[in-house]
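Per-entry structural report
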Amino acid sequence: MCIRDSFNGSENNGIKTEPWNGSYGAVLLTPLKCGVLSGNKYCCIGKNKGCKSLTDPTKKVYGSGPYKEGSDTCLAALHSGDISEDGGNFLVVTTEGNTYKGSQKNGITSEDGNFGPGFTIGRPSCGQISGNIYYCLGSKNSCAGNVGYVYGSNPYTSDSDKCASARHCGIVPETGGHFKVVSIGNHNNFDATTKNGVTSMQYGAYAVSYTHLRAHETPEHLVCRLLLEKKK
């Protein structure tokens, strides 16, 4: 983070920002790029958001799972069916030497490859990423979230299934995504409702409860969003 002396206001994409005169810490927002998230966890931003691998004819993939080392990981993940053209998260697991036979799957044609090390593609599992950040595969991607174990309607009891409750409150779509879990302490009553294809159950007072935030939200953002939803 750097310090700037002033900030100009502008209007972009339907959002109007205000100018600020005076020194303040500044951050620059940039789009997420394809590549390694951490360890063997990878991300593809998708064709519509500028993934060059899905539009550049010079990018190659060798094999049909496992794939030869040097193959483009985004193309391999799309070929294997672990992501769509809209992108997504996936795992890359290295393998011992193999020979590689090309094939055509999911709109991607892979090529034959000589013997050598390679990798397989897999899907990340649902669960905690770090701190209060969680990831859900989504119901369309075989999320194993227990929809019969959700108590409340945001907030939820602390023992409610994280993925199912995130889908219930609409934070995570059918295709999955990241979300935050924020503990809010004691709550006197948890209402039963049906939302987004998930039915929650009623429960009385509970010592520890939590609410969901979108991955970029703060508790202050949540208050504003809930007030807007209530007005609707």
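In this report, the structure presented in the accompanying data block is examined. (Residues numbered from 1 in each chain as written. Predicted model: local features only at pLDDT ≥ 70, side-chain atom pairs only at ≥ 80, totals over all residues. Heavy atoms only, no water.)

Turning next to the overall build of the chain. Tallying secondary structure elements over the chain gives 3 helices and 18 strands in all. Taken across its 232 residues, the chain has 34% of its residues classed as buried. Entry remark: accessible area of the chain is about 14,100 Å², with carbon and sulfur atoms responsible for 52%. (Helix = DSSP H or I, 4+ residues; strand = E, 2+ residues; numbered from the N terminus. Buried < 20%, exposed > 50% of the residue type's maximum accessible area, 1.4 Å probe, protein only. Areas by Shrake-Rupley, 256 points an atom, 1.4 Å probe, with all protein chains shown as cover.)

Of note, the bond from Gly 65 into Pro 66 is cis; its omega dihedral lies within 30 degrees of zero at 10°. You can see Pro 66 is positioned in the loop between β6 (41-44) and β7 (67-68). Pro 155 follows Asn 154 through a cis peptide bond whose omega is 20°. With respect to the helices and strands, Pro 155 occurs in the loop between β13 (133-136) and β14 (156-157). Even without being a glycine, Asn 106 presents a positive backbone phi close to 55°. With respect to the helices and strands, the residue Asn 106 is situated in the loop between β9 (104-105) and β10 (108-109). Its identity is not glycine, yet Asn 196 carries a phi of approximately 50°, on the positive side. Considering the arrangement of structural elements, one finds Asn 196 in the loop between β16 (194-195) and β17 (198-199). A relative accessible area of 55% places Asn 196 in the exposed class.

Once that is clear, we can look at the nonpolar core. Considering soluble globular proteins, one finds that nonpolar side chains tend to be buried as a cluster. One finds Cys 44, Phe 90 and Ile 121 to be the most contacted residues of the largest nonpolar core, which totals 19 residues. Contributions of two or more residues to this core are made by β6, α1 (73-80), β8 (88-100) and β11 (113-122). Discounting chain neighbours no more than four positions away, the residues touching Ile 121 are Tyr 67, Thr 73, Ala 76, Ala 77, Ser 80, Asp 82, Phe 90, Leu 91 and Val 92. Of all hydrophobic cores here, the second largest spans 11 residues; its members include Cys 136, Leu 137, Cys 163 and Val 181. (Core = buried A, V, L, I, M, F, W, Y, C linked by side-chain atoms within 4.5 Å. Contact = heavy atoms within 4.5 Å.)

In this section: the pattern of salt bridges. This model, assessed by the stated rule, comprises 2 salt bridges. With its nearest N and O atoms 3.3 Å apart, the salt bridge here joins Glu 111 to Lys 60. Note that Glu 111 is positioned in the loop between β10 and β11 and Lys 60 in the loop between β6 and β7, a separation of 51 residues in sequence. For Lys 60, a relative accessible area of 34% corresponds to the partly exposed category. (Salt bridge = Lys/Arg side-chain N within 4 Å of Asp/Glu carboxyl O.)

Within the secondary structure layout, Asn 40 lies in the loop between β5 (35-38) and β6. We classify Asn 40 as partly exposed; its relative accessible area is 32%. Setting aside chain neighbours within four positions, we find Asn 40 in contact with Phe 90, Leu 91, Val 92 and Val 93.

Moving on, we come to α1. Counting buried positions along α1 yields 7 of 8 residues, so the element is predominantly enclosed. Along α1, the positions that sit buried rather than exposed are Thr 73, Cys 74, Leu 75, Ala 76, Ala 77, Leu 78 and His 79. On its buried face, α1 sits against β6, β7, β8, β9, β10 and β11. Put simply, Asp 72 is the residue that caps the front of α1, since its side-chain oxygen is 3.1 Å from the backbone nitrogen of Cys 74. Taken from the residues just after α1, Gly 81 is the one with a positive phi, measuring 90°. (Polar contact = N/O pair within 3.5 Å; in protein donor to acceptor, adjacent residues only side chain to side chain.)

By themselves, these are just geometric observations and shouldn't be taken as functional.
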